[in-house]
Amino acid sequence: MAKLLKPVLMLSVLLLAGCSSLNPMNWFTAHRMDIQQGNYVTEDAVARVKPGMNRSQVRFLLGTPLLTDIFHANRWDYVYRIERPGKPAEEKNLVVYFNANDQVERVDGQAFPALRPQLEASNPIGQAKQ
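Residues numbered from 1 in each chain as written. Predicted model: local features only at pLDDT ≥ 70, side-chain atom pairs only at ≥ 80, totals over all residues. Heavy atoms only, no water.

Per an unreviewed UniProt entry, the protein goes by the name Outer membrane protein assembly factor BamE and belongs to Vogesella facilis. According to UniProt, the comment filed for the protein under the heading Subcellular location (unreviewed entry) is "Cell outer membrane". The UniProt entry for the protein carries the following text under Subunit (unreviewed entry): "Part of the Bam complex." (UniProt positions renumbered as here; feature names shortened; annotations may be inferred.)

Here's what the structure looks like:
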């Protein structure tokens, strides 16, 4: 029995040593997940916001702002932060400014790239390009 145990033990050690995913040091680490906070706003959504739009139209396009400040009632702040294990945190800030008539005056800041390519507005689906 002892003669059989030694080769089986050696074979199992060799097999485990060849597999880096079976490293015993990684067996006891906690699972780390992505931590997302805020509004994920894309460039194509920001491109649809035009000067003169009212607050409800902006809320429909970009979502409810993360920050609305009573001391700066003429601006909405959209903040997004993502933390991925082993990578530096990524943060984007977008600010929509409104005038006294509650219409968009300007948009400043950064947004994430579009998730998929945007269709041309001048070429509706089903019509051939000329």
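**Observations regarding the overall build of the protein**
Helices and strands together make up the secondary structure of the protein, namely 3 helices and 5 strands. Counted from the first residue to the last, the protein has its helices and strands arranged as α-β-α-α-β-β-β-β. Across the 130 residues in the protein, those meeting the buried criterion constitute 21%. Looking at the protein alone, contacts between residues at least 24 apart form 44% of all its contacts between residues at least 6 apart. (Helix = DSSP H or I, 4+ residues; strand = E, 2+ residues; numbered from the N terminus. Buried < 20%, exposed > 50% of the residue type's maximum accessible area, 1.4 Å probe, protein only. Contact = heavy atoms within 4.5 Å.)

**Points about the environment of Lys-50**
Here Lys-50 shows up in the loop between α2 (43–47) and α3 (55–62). Note: C-alpha distance between Lys-50 and Val-107 (57 residues apart in sequence) is 8.8 Å. Among the polar contacts made by the side chain of Lys-50, one reaches the main-chain carbonyl oxygen of Ala-47 at a distance of 2.8 Å. (Polar contact = N/O pair within 3.5 Å; in protein donor to acceptor, adjacent residues only side chain to side chain.)

**As for the pattern of salt bridges**
Scanning all chains against the criterion turns up 8 salt bridges. Close ionic contact of Glu-90 with Arg-84 constitutes a salt bridge, the shortest N to O distance being 3.7 Å. Residue classification places Arg-84 among the partly exposed positions, given a relative accessible area of 34%. Note that Asp-108 is salt-bridged to Arg-106, the shortest N-O span being 3.1 Å. Classification of Asp-108 as partly exposed rests on a relative accessible area of 33%. What makes Arg-106 partly exposed here is its relative accessible area of 38%. When salt bridges that share partners are traced, they join Asp-34, Arg-84 and Glu-90 into one network. (Salt bridge = Lys/Arg side-chain N within 4 Å of Asp/Glu carboxyl O.)

**Concerning α3**
Within α3, burial applies to Arg-55, Val-58 and Leu-62. Viewed end-on, α3 has its buried residues packed into an arc of 60°, placing them on one side of the element. Packed against the buried residues of α3 are α2, β3 (72–83), β4 (90–98) and β5 (104–109). Looking one or two residues beyond α3, the residue adopting positive phi is Gly-63, at roughly 95°. (Arc of directions from axis to C-beta.)

**Quick notes on the environment of Ala-47**
As for its position among the elements, Ala-47 is in helix α2. Each C-alpha atom of the pair Ala-47 and Val-107 lies 9.6 Å from the other, and the pair is 60 residues apart in sequence.

**Regarding the packing of aromatic side chains**
One pass over the structure, following the stated rule, counts 4 aromatic pairs. Consider the rings of Tyr-40 and Tyr-80, whose centres lie 5.1 Å apart with planes at 85°: the pair is edge-to-face. In this pair, Tyr-40 sits in the loop between β1 (35–38) and α2 while Tyr-80 sits in strand β3, placing the two residues 40 residues apart along the sequence. For Tyr-80, a relative accessible area of 5% translates into the label buried. Consider the rings of Tyr-40 and Phe-112, whose centres lie 4.7 Å apart with planes at 15°: the pair is stacked. (Phe/Tyr/Trp six-rings, centres within 6.5 Å; stacked < 30°, edge-to-face > 60°.)

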